[in-house]
Amino acid sequence: MATALSPAQIDIRIARVDQLFQTFDPSPFRERDLDPDATAFIVDWARELNRRVPIEIHLNVKDSGPERDAPEDVSAAISCYFEHRAKVAERALRELFRFGRIYLAIGLLILVLALFGAEFLVIKFGQSPSLALIAESLIILGWVVNWRPLEIFLYEWRPIRRDANLFRRLAAARIKVQG
């Protein structure tokens, strides 16, 4: 029998709801970007929470205003913002993998050419210290060219995927506006 986990809470105390949003963003309220400091605060706090529990964002607003009277608009605006950030991260991940595949194809081609080139030098000109140095340098070059695609496919994608998942969790967070 599975037990439901209680949601993890992110508490934000602000004077007015509009402090959460960029002041220069001319978009309608539901499509406005969050303030970078507010975003960093929410994201940093959410990173520390257990990934298996849902998130609740509690906005403790000191002064009343039109936004506080319509908490569903605030909730929609925050969800929309983090959903957009998740989509941006997913696009960045797809682009990274696309470049990784291109780099890998180029790297493997250069590796094959370098291996054949090194072998050709040894067969054609024999074993001499200077030719052995050139042949080994070609082989090293072939492997070094593959460093970047390996870095992409082994390590670089993970933080982007983690951020996309975190933004999706924040987009799905329940938001409570309290006075």
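Quick caveat: nothing in here was measured; it's all calculated off a predicted structure.

Conventions used here
Residues numbered from 1 in each chain as written. Predicted model: local features only at pLDDT ≥ 70, side-chain atom pairs only at ≥ 80, totals over all residues. Heavy atoms only, no water. Axes fitted to C-alpha atoms, helices over the stretch in contact; angles between N-to-C directions. Helix = DSSP H or I, 4+ residues; strand = E, 2+ residues; numbered from the N terminus. Parallel < 35°, antiparallel > 145°, perpendicular 65-115°, else oblique. Contact = heavy atoms within 4.5 Å. Nonpolar A, V, L, I, M, F, W, Y, C, P; charged D, E, K, R; others polar. Salt bridge = Lys/Arg side-chain N within 4 Å of Asp/Glu carboxyl O. Buried < 20%, exposed > 50% of the residue type's maximum accessible area, 1.4 Å probe, protein only. Pairing = 2+ DSSP bridges.

Colleague: Explain the packing of helix α1 (residues 36-47) against helix α5 (residues 147-171) to me, please; I cannot follow it from the model alone.
Modeller: As a packed pair, α1 and α5 sit with axes 11 Å apart at the nearest point and diverge in direction by 105°. Comparing their axes, α5 and α1 come out roughly perpendicular. In this structure, α1 uses I42, V43, A46 and R47 to contact α5, whose residues at the interface are R162, D163, L166, F167, R169 and L170. Class assignment of the residues belonging to the contact of α1 with α5 gives a composition of 6 nonpolar, no polar and 4 charged.

Colleague: For this particular structure, what's the right way to read the pattern of salt bridges?
Modeller: Two side chains carrying opposite charge are able to pair once their charged atoms lie near each other. If you walk through the whole model with that rule in mind, you get 9 salt bridges. The partner of R47 in a salt bridge is D44, and the shortest N-O contact between them spans 3.8 Å. With R47 and D44 both in helix α1, this residue pair falls 3 residues apart, about one helical turn. Since its relative accessible area comes to 38%, R47 is described here as partly exposed. For D44, a relative accessible area of 42% puts it in the partly exposed group. Between E151 and R148 there is a salt bridge, and its shortest N-O distance comes to 3.4 Å.

Colleague: Got a minute to help me understand the sheet that holds strand β2 (residues 55-61) in this structure?
Modeller: Strand order in this open sheet of 3 strands is β1-β2-β3, and the pairing throughout is parallel. Two strands in the sheet have a free side with no partner beyond their single neighbour: β1 (8-14) and β3 (174-178). For this sheet the average axis-to-axis angle between neighbouring strands, irrespective of direction, equals 20°. When β1 meets β2, the two strands line up parallel, connected through 7 bridges. For I12, the partnering residue across the bridge sits in β2 and is L59. Running at roughly 140° to β3, helix α3 (residues 71-125) makes contact with β2 and β3 of the sheet.

It is worth stressing that arrangement in space is one thing and function is another; only the former is reported here.
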